[in-house]
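# Survey of secondary and tertiary structure
One-letter residues, chain by chain:
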Amino acid sequence: MHLGEAALGVSLTIDGEILDSCPDCRIGCLVINNVTIAGSSPALSQEFLQLQNEVAKIYNIEGLTQLPPIMAVRAMYKKLDFDPSRYRPASESLVRRVLQQKGIYYVNSAVDASNYCSLKYLMPFGLYDLDQIEGEVVYRRAHGGTYENMGGRTVSTDGKPFLTDSRGVFGNPTSDSRRTAVSLTTRNLLSVVYAGSGAAQEDLSRILQFTGEMLTRYNGGSVRDVQIAGAGRET
């Protein structure tokens, strides 16, 4: 079944092998249908710039890895034998760019809104074209194989945690696959929050609600499904 065609929800689970290594792991997702994505929005860019200025005032490079949301994702990586210093979580890379005054890459109204949420909550976010995903979505450790990342490079998947569908891997907290990239022609979105190790259910629910509001504010559409998987419960 093509999940985008279902336009009702998504089946998201965490594989037992990951839960064995990281029993307090949680990820959340939401589905947004019938979006209209445009180029970078001036209003969103202004809002994003304001957030970057706030982040630059609050945080510093030296204390970055001691911030609870970043520590949670790094802890999940370490439990999965995935070196967070070599494969830096996307949220950590994003805030580092801000603190080093390197600037943020603006892509389109959907990706920019997702990155805004990632910077606000210091958690890795994945945003995917739902119509390019087939079958059930499982967060699992990949064994062998490669994928083409967003930069067009062929990257080994061996031993790394990934979101997978019936066609293979398509996303993880560090780098996503080009196959499910969101473009101006995307009409249905899957947004994933990689909350990491020990994230509270209530906090993740609040983050998903804000994310849905942010994505629909700048891209239209409607939230059709919200799920949290892991840490002994799925909702």
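Everything below is about the structure shown above.
Anyway, here's the lowdown on the structure attached to this text. Keep in mind it's a predicted model, so treat the numbers as computed, not measured. (Residues numbered from 1 in each chain as written. Predicted model: local features only at pLDDT ≥ 70, side-chain atom pairs only at ≥ 80, totals over all residues. Heavy atoms only, no water.)

Attention now goes to the state of the cysteines. Considering all chains together, one arrives at zero disulfides under this definition. Distance from the sulfur of C22, which forms no disulfide, to the nearest cysteine sulfur (C25) is 4.7 Å. A residue is classified by how much of its surface remains accessible, and C25, at 0% relative accessible area, is buried. (Disulfide = S-S within 2.5 Å. Buried < 20%, exposed > 50% of the residue type's maximum accessible area, 1.4 Å probe, protein only.)

The buried fraction of strand β3 (residues 125–129) amounts to five of the five residues, a majority that puts the element mostly inside the structure. Burial of the side chains of β3 extends over both faces: F125, L127 and D129 are buried on one face and G126 and Y128 on the other. One ladder, built from five bridges, connects β3 with strand β9 (residues 188–197); its direction is antiparallel. Opposite F125, over in β9, you have V193 as the bridge partner. (Helix = DSSP H or I, 4+ residues; strand = E, 2+ residues; numbered from the N terminus. Pairing = 2+ DSSP bridges.)

Glancing now at the pattern of salt bridges. Evaluation of the coordinates by the stated rule reveals nine salt bridges. E92 is the partner of R96 in a salt bridge, and the nearest nitrogen-oxygen pair spans 3.2 Å. With a gap of four residues between them, R96 and E92 both fall in helix α5 (residues 90–99), about one helical turn apart. Like R96, the residue E92 is buried in the burial classification. Two residues, D165 and R179, come together in a salt bridge whose shortest N-O distance is 3.0 Å. Here R179 lies in the loop between β8 (168–171) and β9 and D165 lies in strand β7 (residues 161–165), a separation of 14 residues in the sequence. The exposure class assigned to D165 is buried, which follows from its relative accessible area of 9%. Each of R74, R88, E92 and R96 takes part in a single network of salt bridges with overlapping partners. (Salt bridge = Lys/Arg side-chain N within 4 Å of Asp/Glu carboxyl O.)

Let us now look at the sheet that holds β9. What links the strands of a sheet is backbone hydrogen bonding, and the strands pair in either a parallel or an antiparallel sense. What the four strands build is an open sheet, ordered β3-β9-β2-β10; its pairing is antiparallel. In this open sheet, the two edge strands, each paired with only one partner strand, are β3 and β10 (222–230). Geometrically, the sheet is characterised by an average inter-axis angle of 15° between neighbouring strands, direction not taken into account. In terms of strand pairing, strand β2 (residues 25–33) meets β10 through eight bridges, oriented antiparallel. In the strand pairing of β10, L30 is matched with V226. Across the sheet, helix α6 (residues 109–121) touches β3 and β9, and the angle it forms with β3 is around 160°. Packing of helix α7 (residues 201–219) onto the sheet brings it into contact with β2, β3, β9 and β10, and relative to β2 it is tilted by some 25°. (Axes fitted to C-alpha atoms, helices over the stretch in contact; angles between N-to-C directions. Contact = heavy atoms within 4.5 Å.)

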